[in-house]
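Coordinates in review
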Amino acid sequence: GQQVMQIPQYQHVQEGEDFTTYCNSSTTLSNIQWYKQRPGGHPVFLIQLVKSGEVKKQKRLTFQFGEAKKNSSLHITATQTTDVGTYFCAGPTNGNKLVFGAGTILRVKS
Amino acid sequence: GAVVSQHPSWVICKSGTSVKIECRSLDFQATTMFWYRQFPKQSLMLMATSNEGSKATYEQGVEKDKFLINHASLTLSTLTVTSAHPEDSSFYICSATLGVLRPQHFGDGTRLSIL
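A short tour of the structure in this document, coming up. The residue count restarts for each chain, going from 1 along the sequence in the order it is written. Chains and ligands are labelled sequentially in the order written, the chains with letters from A and the ligands with numbers from 1. Where local features are concerned, this predicted model is filtered to residues with pLDDT of at least 70; where side-chain atom pairs are given and counted, the filter is 80 or more; whole-chain, interface and lining totals use all residues. Note that the side-chain values use all heavy atoms of the structure and ignore hydrogens as well as water.

Looking now at the state of the cysteines. The rule for a disulfide is simple: a pair of cysteine sulfur atoms within 2.5 Å. Taken as a whole, this structure holds two disulfides over all chains when the rule is applied. One disulfide in the model links Cys23(A) with Cys89(A); its S-S distance is 1.9 Å. A torsion of 75° about the S-S bond marks the disulfide between Cys23(A) and Cys89(A) as right-handed. One end of the pair, Cys23(A), is in strand β3 (residues 19-25); the other, Cys89(A), is in strand β9 (residues 85-93), and 66 residues separate them in sequence. The exposure classification of Cys23(A) matches that of Cys89(A), with both residues buried. The structure places no disulfide on Cys13(B), whose sulfur is separated from the nearest cysteine sulfur, that of Cys94(B), by 18 Å. When accessible area is computed with a 1.4 Å probe and restricted to protein chains, residues below 20% of their type maximum are described as buried, those above 50% as exposed, and intermediate ones as partly exposed. Of the residues examined, Cys13(B) reaches a relative accessible area of 12% and is grouped as buried. Elements are defined by DSSP. Helices are runs of H or I of four residues or more, strands are runs of E of two residues or more, and each kind is numbered from the N terminus.

Next comes the structure, spelled out in structure tokens:
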């Protein structure tokens, strides 16, 4: 079945440093979605990318969707303590279902 | 918009008890809701897709008689963990979407602890 791989599993950065998480699908995706889950919380939708090669920005967050629509990345510039949490990518499968990546846990040292 | 409410947020009960978890879409109608299970520091694992007015679709390896799902209205889906045992302890989260290929909106989750 479809698989979504995500790396790294864990990253611990100093506040102000950049952070990137990468997502790779075994199949071409119609779209890719990113979610953030704070410790003890639930996943919150961040963004959806649809077009090949698409790049979207949300303040310090930059999201990219690969040309082949099989990979994606999330880059955070100058991390802050509020960025702490787990970032998941997810791709649709069998209609409305989502397959989630393993997630990248981000910890920020102040 | 697209608010999903889940209740209860936290349950502790004895082994053998059945536990019902509710998932409501507060400001939209959801013909489809999803139930996930998440272990500590792990990803979300889809358990089943809840379809309004019809039977739920369960993922491979999920016992439908163990995890009963009812989606009786366009705004409410329930998950009942029947005869729960300690191995059923987990974080259960529901989600709903406004349409096909649209983002999912998650409830706050339910932390279930079976003693």
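Next comes the rest of the description.
Residues and elements named next belong to chain B. Here, strands pair whenever DSSP counts at least two bridges between them. Read across the sheet, four strands follow the order β1-β3-β8-β7 without closing on themselves; strand pairing throughout is antiparallel. Each edge of the open sheet carries a strand with a single partner, namely β1 (4-7) and β7 (67-73). Shown here is a sheet whose adjacent strand axes are inclined to one another by a mean of 15°, direction ignored. All axes are obtained by fitting lines to C-alpha atoms, using only the stretch in contact for helices, and the reported angles, taken between N-to-C directions, cover 0 to 180 degrees.

Turning to the interface of chain A and chain B, a few remarks are in order. Contacts are assigned to residue pairs with any non-hydrogen atoms lying within 4.5 Å of each other. Contacts between the two partners involve 21 residues from chain A, matched on the other side by 24 residues from chain B. As a working definition, buried area equals the accessible area (1.4 Å probe) given up by two parts on being put together, with both sides summed. The contact between chain A and chain B buries some 1700 Å² in all, and 55% of this surface belongs to carbon and sulfur atoms. Summed over the three residues of chain A that lose the most area to chain B, namely His42(A), Asn96(A) and Lys97(A), the buried surface amounts to 34% of that side. By definition, a salt bridge exists where a carboxyl oxygen of Asp or Glu is found within 4 Å of a side-chain nitrogen of Lys or Arg. Across the chain A-chain B interface, the total number found is one salt bridge.

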